[in-house]
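# Close look at the chain arrangement
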Amino acid sequence: MKKTIALLVILAMALGTMFGCQQNAADAGKVLNYCLDGDINSPDPNFRTLTAEHNLYRQIYEPLYFVNHDSGEMEPRLAESYTISEDGLTYTFKIKEGVKFHNGTEVTAEDVAFTVQQAAASTYIGTTVANFDSASAPDKYTAEIKLTAPYASFLENVVQLYILPKAYYEEVGAEGFAEKPIGCGAYEWVERVVGSSITLKAFEDYYRGVAPIKDVVMRIFSDNTASAVALETGEVNIMDISTANYEKFSAMDTVTIFQTQSPHITCVHMNTEVAPFDNPLVRQAVNYCVDRAFMVEVAVDGLGVESSNIISPMMLGYDETAVTYDYNLEKAKELIAQSGISVPMDIGKIGGTSFGEKIAPILQENLAAIGLNAEIEITDSFIDDACKGNYSIGIMGLVVYNGVAWDMDAYSILFDSDAIDAFNLPRINNARIDELFELGRSATSEDERIEYYKELNRLVQEDSGWVMLYHRYTNIGCTSDLNMTLHSPNVVYFYECSWKTAE
């Protein structure tokens, strides 16, 4: 693991003692209520699309390795060691013996090989194991993964793969697994009430020891006012606090707030396969016409940082010479004139989920100022529709982060043509961009990788299918009777939570 990863870490913050707490008898059956700001699409980690799903996956599944975000070092989880062949094509993992899935079966190398195969075949996360050739289990506790070409960030991506039970998955099928998912994490699935809640319980045979808090309910709130009231009354214990409620909760003794600058970025995306966004000059005009400063004030009450470059300055390969966009209405109008389209033009609908409700009217007004007229349509299904290309222009939030370090390879899910019909929402199909990802993955010299990725940064900024708006600050609130640790990027593990003891 590169030492530079430590520079990318937002140090975890802790409240009180995490482990070994003596809990009051009254707390033994106390339920931890966690607020989800939306329902999940699938509990199967190979079909991940939403932040809410990540919040669930890390509780019920385990990866081969975990990254300690304080030190930037990889820590063993299901794997106890690994080796890499001299040619960089074969990764061999030794799996811990005796680890159990929630159904009591033992985790073996067959499960690891199966998981990698499933991930490689997934439209959603297939690029995580790019250059994949094969996965096998030479013996019960040895998993071997072979690549077609060296992949510099392969280990960094492996921590994203949550190991699935091969026999159970094949027995019940993908639909059956979605109904009753099984992992080997600290918590096991109890039930789901669609649109309402997901109930978990501590797994008694968890290989790292049973969790201090036995029962967890992940409660789904689509209304910020209702969730804020729930935190204030103690009905929920952990939630992402909206910026509108930041000052209110900061003044309360019963709630503690953790704040980090999130890798989350709010953005606009345009379908480059439909007019007028098939014209790069129009896309660039949109980048210039959006009023980012006003959006930050309206959407997150000023608790954010404007950004028009999709690549973070902390990212390996960030290029400070890549084109960026400020608010320049005259420049936007000039580009529209150069594009040759006739305005005013009806461009259909600005799509989005409830996440984009505050941004959409501002975007609508900004677009109208350059002659592009649109209606607004907010639906829960928008992201699914956008993945399939059934949209014109939309709003969403992104966390472009591969679980370890901000390596440019993580961006293949947004730009690589293989990710069309998944998270390449602009449907960018550029052979040079695809080639640069391949070159960056296989380069053995970090300096060489940086040069490839700098060119990639320049190309995606010029393509401008994505319109970056701002990074928000993330404010996580928890009731003051709870010990909680916040990891970067805004990650909470229920296993690390415990109730405070009475003094």
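Just above, that's the structure.
We now turn to the structure provided with this report.

To continue, consider helix 14 (residues 446–463). When the terminal C-alpha atoms of helix 14 are compared, their 25 Å separation across 18 residues agrees well with the 26 Å that a helix rising 1.5 Å per residue should span. Those residues of helix 14 not exposed but buried are Arg449, Ile450, Tyr452, Tyr453, Leu456, Asn457, Val460, Gln461 and Asp463. Down the axis of helix 14, the smallest arc covering the buried residues is 170 degrees, so these residues share one side. With respect to the buried face of helix 14, the exposed residues turned more than 90 degrees away are Asp447 and Glu451. Looking at the buried positions of helix 14, the neighbouring elements they touch are helix 7 (280–289), helix 12 (412–415) and helix 13 (431–442). Two residues or fewer after helix 14 comes serine 464, characterised by a positive phi angle close to 55 degrees.

Another aspect to go through is the pattern of salt bridges. Scanning all chains against the criterion turns up 19 salt bridges. Note that arginine 427 and aspartate 421 form a salt bridge whose closest N and O atoms lie 2.9 Å from each other. We classify aspartate 421 as partly exposed; its relative accessible area is 42%. A salt bridge links glutamate 438 to arginine 441; its shortest N-O distance comes to 3.1 Å. Residue glutamate 438 and its partner arginine 441 are both found in helix 13; the two are separated by 3 residues, about one turn of the helix. Each of the salt bridges in this network shares a partner with another, and the network as a whole consists of Asp409, Asp416, Glu438 and Arg441.

Quick look at the pairing of strand 7 (residues 132–139) now. The sheet contact formed by strand 7 and strand 8 (residues 142–147) spans 5 bridges and is antiparallel. Paired with alanine 135 across the bridge in strand 8 is isoleucine 145. The turn linking strand 7 back onto strand 8 is made up of 2 residues.

What counts and how
Residues numbered from 1 in each chain as written. Predicted model: local features only at pLDDT ≥ 70, side-chain atom pairs only at ≥ 80, totals over all residues. Heavy atoms only, no water. Helix = DSSP H or I, 4+ residues; strand = E, 2+ residues; numbered from the N terminus. Expected span 1.5 Å × (residues − 1). Buried < 20%, exposed > 50% of the residue type's maximum accessible area, 1.4 Å probe, protein only. Arc of directions from axis to C-beta. Contact = heavy atoms within 4.5 Å. Salt bridge = Lys/Arg side-chain N within 4 Å of Asp/Glu carboxyl O. Pairing = 2+ DSSP bridges.

Note that every value here comes from positions in space, so none of it alone points to a role or purpose.
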